[in-house]
Each structure stands twice: as C-alpha cells, then as structure tokens.
Amino acid sequence: MSTVKLEEIVSLAKRRGFVFQASEIYGGLAGFWDYGPLGVELANRIKAEWWSAMVTDKDNVFGIDGAIIQNPNLWKASGHVAGFTDPLVDCTNCGARHRADHLADTDSTDLEELTELLKGKSCPKCGKQSLTKPRTYNMMMKTWVGPIEDASSVAYLRPETAGSIFINYENVRETMRAKLPFGIAQIGKAFRNEISPRDFIFRAREFEQMEMQYFINPDDQEKSYQDWRDFAWKFLTASLGIKADSLEWHQHAENERAHYAANAHDIYFKFPFGSKELWGTHNRTDFDLSNHSKESKKDLSYFDEQTKSRFIPYVIESSVGLDRMFLAVLTDAYHEEEINGEKRVVLKLKPELAPYRFAVSPLLKNKAELVEKASELFKALKKKHGNVIWDDNGNIGKRYRRQDEIGTPNCITVDFQSLEDDTVTIRDRDTTEQKRISISELI
Ligand code: ATP
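Because the structure is predicted, anything quoted here is derived from the model rather than measured.

Student: What's the story with the overall build of the protein chain in this structure? I'm lost.
Tutor: For the protein chain, the helix and strand inventory stands at 15 helices and 23 strands. Here the C-alpha coordinates of the protein chain stretch approximately 75 × 65 × 50 Å along the principal axes. Counting only residues that meet the buried cut, the protein chain has 52% of its 443 residues in that class. Taking the contacts inside the protein chain whose residues are at least 6 apart along the sequence as the reference set, 64% of them involve residues at least 24 apart. Side chains of the protein chain carry 60 positive and 68 negative charges; the gap between the two charge centres is 3 Å.

Student: Would you mind going over the site of the ligand with me for this structure?
Tutor: Residues in contact with the ligand amount to 15 residues; listed here are only the nearest, Glu 194, Arg 203, Ala 204, Glu 277 and Gly 321. In this structure, Arg 192 approaches the ligand through a side-chain N or O atom, which is 3.0 Å from an oxygen atom. Within the side chain of Arg 203, a nitrogen or oxygen atom sits 2.8 Å from an oxygen atom of the ligand. A total of 600 Å² of accessible area belongs to the ligand in isolation, and the protein chains cover 84% of it. When grouped by side-chain class, the residues that make up the shell around the ligand number six nonpolar, four polar and five charged.

Student: Which parts of the structure should I look at to understand the sheet that holds strand β6 (residues 135-138)?
Tutor: Backbone-to-backbone hydrogen bonds join strands into a sheet, with any given pair of strands oriented parallel or antiparallel. With antiparallel pairing, three strands are arranged side by side in an open sheet as β5-β4-β6. Each of the sheet's edge strands pairs with one partner strand only, and the pair in question is β5 (97-99) and β6. Looking at each pair of strands side by side, their axes are set apart by 50 degrees on average, direction ignored. In the sheet, strand β4 (residues 85-90) pairs with β6 via four bridges, with the strands oriented antiparallel. Pairing of Thr 85 across the sheet is with Asn 138, part of β6.

Student: Would you mind going over the state of the cysteines with me for this structure?
Tutor: For the structure shown, the criterion picks out zero disulfides. This cysteine, Cys 94, is not joined by any disulfide, and Cys 91 carries the nearest cysteine sulfur, 3.7 Å off. Owing to a relative accessible area of 32%, Cys 94 belongs among the partly exposed residues under this scheme. No disulfide involves Cys 123; its nearest neighbouring cysteine sulfur is the one of Cys 91, lying 3.8 Å away. In this structure Cys 123 comes out as buried when scored by relative accessible area, which is 2%.

Student: Got a minute to help me understand the nonpolar core in this structure?
Tutor: In a soluble, globular protein the nonpolar side chains are often hidden away together inside. Ile 46, Trp 50, Trp 279 and Met 325 are the most contacted members of the largest nonpolar core, which totals 64 residues. Setting aside chain neighbours within four positions, we find Ile 46 in contact with Met 210, Phe 235, Leu 240, Leu 322, Met 325, Phe 326, Val 329 and Leu 353. Counting residues in hydrophobic clusters, the runner-up holds 17 residues, among them Phe 166, Leu 180, Phe 215 and Leu 289.

Student: Is there a simple way to think about the sheet that holds strand β12 (residues 263-271) in this case?
Tutor: Pairing is mixed in the open sheet, where seven strands are placed in the order β3-β9-β10-β16-β13-β12-β11. Bordering the open sheet on either side are β3 (61-63) and β11 (247-251), each of which pairs with just one other strand. Pairs of neighbouring strands in the sheet enclose a mean axial angle of 25 degrees, with direction left out of account. Sheet topology places strand β13 (residues 274-285) next to strand β16 (residues 314-321); six bridges connect them, and they run antiparallel. In the strand pairing of β16, Trp 279 is matched with Val 320.

Student: Which parts of the structure should I look at to understand the layout of surface pockets?
Tutor: Any empty space left between the atoms is revealed when a probe the size of a water molecule rolls over them. The space that makes up the second largest pocket amounts to roughly 280 Å³. As for the second largest pocket, its lining consists of 14 residues, and the residues nearest its centre are Ile 167, His 292, Ser 296, Lys 298 and Leu 300. Those elements that provide at least two residues to the lining of the second largest pocket are α3 (73-77), α8 (169-175) and α10 (287-296). Taken together, the residues of the lining of the second largest pocket sort by class into six nonpolar, five polar and three charged.

Student: Just to check I follow, could you spell out the packing of aromatic side chains for this structure?
Tutor: Between two aromatic rings, the relevant description is the distance of the centres plus the angle of the planes. Using the criterion set out here, one finds 20 aromatic pairs in the structure. Centroid distance Trp 33 to Phe 200: 4.9 Å. Interplanar angle 85 degrees. Geometry classified as edge-to-face. A residue pair is termed long-range when its members are at least 10 positions apart, and Trp 33 in strand β2 (residues 33-35) and Phe 200 in the loop between β9 (182-191) and β10 (206-216) qualify at 167 residues. Since its relative accessible area comes to 28%, Trp 33 is described here as partly exposed.

Student: I'm lost on the environment of Asn 283 in this one. Help?
Tutor: The residue Asn 283 is located in strand β13 in this model. Beyond its immediate stretch of four places on either side in the chain, Asn 283 contacts Gln 221, Tyr 225, Tyr 260, Ala 261, Ala 262, Asn 263, Tyr 314, Val 315 and Ile 316. At 2.8 Å, the side chain of Asn 283 and the side chain of Gln 221 are in polar contact. Within the structure, Asn 283 has its side chain in polar contact with the backbone nitrogen of Thr 285 (distance 3.0 Å).

Student: Help me understand a nonpolar patch on the surface, please; the structure alone is not making it clear to me.
Tutor: On the surface, Leu 363, Leu 364, Phe 416 and Leu 419 cluster together to form a nonpolar patch covering roughly 300 Å² of accessible area. Among the structural elements, Phe 416 can be located in helix α14 (residues 416-421). Accessibility expressed as a relative area gives 39% for Phe 416, which makes it partly exposed.

Student: I would appreciate a short explanation of the domain arrangement of the protein chain in the present structure.
Tutor: In many reports, interface size means the accessible area that the parts give up when they come together. Under the domain assignment used here, the protein chain contains domain 1 (6-75 + 141-252 + 261-286 + 315-331) and domain 2 (356-442). Here domain 1 and domain 2 have C-alpha centroids that lie 37 Å from each other. Counting from both sides, the interface comprises six residues of domain 1 and, opposite them, five residues of domain 2. Roughly 520 Å² of surface becomes buried between domain 1 and domain 2 when both sides are summed, with 52% attributable to carbon and sulfur atoms. Contact with domain 2 buries surface across domain 1, with Arg 16, Leu 38 and Arg 45 losing the most and accounting together for 70% of the total. Connecting domain 1 to domain 2 are two salt bridges. Of all the secondary-structure elements, those providing two or more residues to the side of domain 1 that touches domain 2 are α1 (6-15) and α2 (37-56). Considered class by class, the residues forming the side of domain 1 that touches domain 2 number three nonpolar, no polar and three charged.

The rules behind these values
- Residues numbered from 1 in each chain as written.
- Predicted model: local features only at pLDDT ≥ 70, side-chain atom pairs only at ≥ 80, totals over all residues.
- Heavy atoms only, no water.
- Helix = DSSP H or I, 4+ residues; strand = E, 2+ residues; numbered from the N terminus.
- Buried < 20%, exposed > 50% of the residue type's maximum accessible area, 1.4 Å probe, protein only.
- Contact = heavy atoms within 4.5 Å.
- Lys, Arg positive; Asp, Glu negative; His and termini not counted.
- Charge placed at Lys NZ, Arg CZ, Asp CG, Glu CD.
- Near = heavy atom within 4 Å.
- Polar contact = N/O pair within 3.5 Å; in protein donor to acceptor, adjacent residues only side chain to side chain.
- Areas by Shrake-Rupley, 256 points an atom, 1.4 Å probe, with all protein chains shown as cover.
- Nonpolar A, V, L, I, M, F, W, Y, C, P; charged D, E, K, R; others polar.
- Pairing = 2+ DSSP bridges.
- Axes fitted to C-alpha atoms, helices over the stretch in contact; angles between N-to-C directions.
- Disulfide = S-S within 2.5 Å.
- Core = buried A, V, L, I, M, F, W, Y, C linked by side-chain atoms within 4.5 Å.
- 1 Å grid on protein atoms, 1.4 Å probe; cavity = no way out; pocket = protein on both sides within 12 Å on 5 of 7 lines; lining within 4 Å.
- Points joined across faces, edges and corners; volume = space filled by probe spheres on them.
- Phe/Tyr/Trp six-rings, centres within 6.5 Å; stacked < 30°, edge-to-face > 60°.
- Patch = residues over 30% accessible without salt bridge, like charges linked within 9 Å, V, L, I, M, F, W, Y side chains within 5 Å.
- Salt bridge = Lys/Arg side-chain N within 4 Å of Asp/Glu carboxyl O.
- Domains from an automatic or database assignment.
- Buried area = accessible area lost by both parts, 1.4 Å probe.

Written as structure tokens, this is what we have:
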C-alpha cells in the first residue's frame, strides 16, 4: 500500500485546482467529480500520451468516438441488461446499501458464498447486525429517448466504451480496408450506478475510460495477450513514469472473471487504500462479435485470404480508467520532504505531464524593469511551450512552494543580474538546485 494518505491527495487536489466535488455548492452528489484548471491539463496530457502510444504510433489501431447512448439492443447482446450486476446488501436498520463482496472482503460475487461469508457481520454504518441476504443489482444508468417515458423508449448511458467499438468493427474494417490483426481504440465517458462510490475518483458513477479492442485470428491469442499485457506495463512505467514498485500483476481467478473472458490480468496500483485494479487486459474470445452477429443478424465473420478460412475474430481487450490513472499518477508523484528544516510538498510528475512546464517570475513585482524583462521571457516561452505560468505572488520562497505542489519542473526568476547579462536563474523542482543560464540557451 502507498504510505501517502488519501486525505492529503484529496486536499491537494482541491487546494490547487485539480479536482473538485461536483455540485459542491449544493452539497455535492456522491460519485461525481469535476476536474479543475490544473486537473484538466494533467488529464489531457495523460489522454494524449495514451492516444499516441495506442493509436498514432501504431499502423493498425484506429480511433473512434462513439455515442454515449446507443440502441439498447447493444446492451442486450453484450449481456449487460441481464448481467451487469454487483452483489448488494441492505441494512434494515439504517437503510444503507453496501457492496456485499467488499463487505465480505472477497473477489467472489457468488451469492451463496457471499451469504456464508457475511454471516454475523454488522452494518459498517450503524453497527447493527441487520443486513439482508445479498442480491444482485444492475448498475446501468437508465434514461428515455424521445418525449414518451415508457418501456419502449428506455435507453442506457453506456457502462463501458467497448460496446460502440464492437458494433463499429465492420465499419472500421471496411473503411480502413483493415486486415487482422487490427485494433479500435476509444476514449470517453462511461456511467455506472455504483452501490457505494468511494475512494475519491477511484470508484465514481461517471468516469472516463480508455479502451482498445484488438481483433485477431484465434490462433494468435496467446502472443497477442502477452503483447498487450507488456504494452500496459510499459506505458505506465515509461510513458507515465510510475514506479514499477507501485504496481503489481493480478490474474483473475475463475470466480472473479467476467462470463466472457478466457483469461484476465489486471495491473494493480498500490493506492493509499490498498492495492487495487487500475488496468485490465482480457481475452474476450469471440463472445462479443458472435453475440452482436446473432442479435443484429449481420454476419460479422472474417474471411482470411491466406488460409482461405472464415471465422469470428477473437478480441484481446486493453481497458483502463482515466480517473484511476490520474489518481495513480498523483499518488505516485506525491512527496513530503524536509529541506533545511522546512517541510515541502512536491509533485514529482514526469515533466511532460506537469500542468505547467515552466513558471516565470520577476524577483520583485514592484520593479518595472524586472517585470518587463520577465514578461518578455514569459511570452517567448509561452509561444514555444504553451503551458507556462506567470507567478509573481508573494515572495520567491512561497512561489517555489506553490509550484512544487503543482509539479512545475522548473521555476525561472529574472533578477537584477538578468538586466546586465541576459541570464536568469532556473530552479529544479526535484533537487531544488538553482543555476544561472542564459536566456538564449533557455529558449
Ligand atoms: P471494479 O472491479 O473495480 O469495479 P471492473 O472490473 O468492473 O472494476 P472494468 O469493467 O474492467 O472494471 O472497467 C475497466 C476499467 O474502468 C477499470 O480497470 C477501471 O480502471 C475503470 N473503472 C471501472 N469502474 C470504475 C469506476 N466506478 N470509477 C472509475 N473507474 C472505473
């Protein structure tokens, strides 16, 4: 488990404009969060890294952006209408609802097993032994399409982005003249009516997913599965700079695996509240395309010209939540240190991910010549890098502490010597060392 406390991350996220409670002025809404000015920058950079590694850098993975609401038959075929459930227990004393598997501290969702494990347990909210037997509960969020609210107009907010990928398999294959193996990737919102949203943005009711479905010849399943597991690990450690020690593999046991999956490996991140699922790689076999073929009555089989055979492609899925990745990046980067007897909080983010690459300050904000020179430099750096911040609030020590907390890799200060020799000081966030550098070299 991470030694960082979740309260510290939540407090920093709020204090510095990363994440706010949604509808805060109305008392909030459980399971919903708003990303603030710095949060949206960090989230966008994570998404951009994922998109370039997953789509732009590859020749055979294509992006789409599907609708959030689709024909409800999609969710019938995928098994979500019948089976997208979590086990739930109610407390007959205080009315609280809990995830039965979480309460029993198990990965199993088998109702009989859970009933056994929950014998003698009390409600964590009121402490009374008044829990009902576990039952299943569908997590899809419902809405109505059109003016009449009846059974025929029911639709669902997508519970995962994968659905619109499967139903666009044929469109993408045809328009891109794609041959197996090829992938379809998507970033977008997903909605689940989680029984007990908790642990900040880890378990929300509205969240964002980054998913890729790789369509393959079944003969290639072992190799492809391993390749996509390697991809996920490499992305987290190399592209996002997360420490390998903060991650671990978890293979799903039989009773934990989704009904369609032949194999499933998650990468767990050591969050402040325990080691938990961050990114899943799943072998979904031909489950999805077969079911959509049956439900839609469209032939989704593939003719392989080399072997002159026809089959339904298998799918290896790579699925990760952006919000969980965001929380993992923040947690991994969060450090409290003592420097010269003073405590500082510093986010040691990979420079490419930091909301601001540079902060520019005049040493004193009431000296016009310093301000003028600093603002020229600020404009030049902003033109080149975009994400540069101007900071002339408080003394230099305060500015450094503020920039450390938001993970700005370098602070640049224009002082009196700058006016004479066109040099500035550049301070390194991680070592706190400062050195002089010429402005031309810096730009
Ligand atoms: P869990 O067991 O934690 O509920 P899951 O196994 O249902 O997750 P998947 O259906 O595999 O999750 O979803 C793919 C990814 O989407 C997960 O690995 C996770 O990163 C993210 N995710 C799932 N549910 C949530 C949620 N409620 N809030 C934020 N992210 C989520």
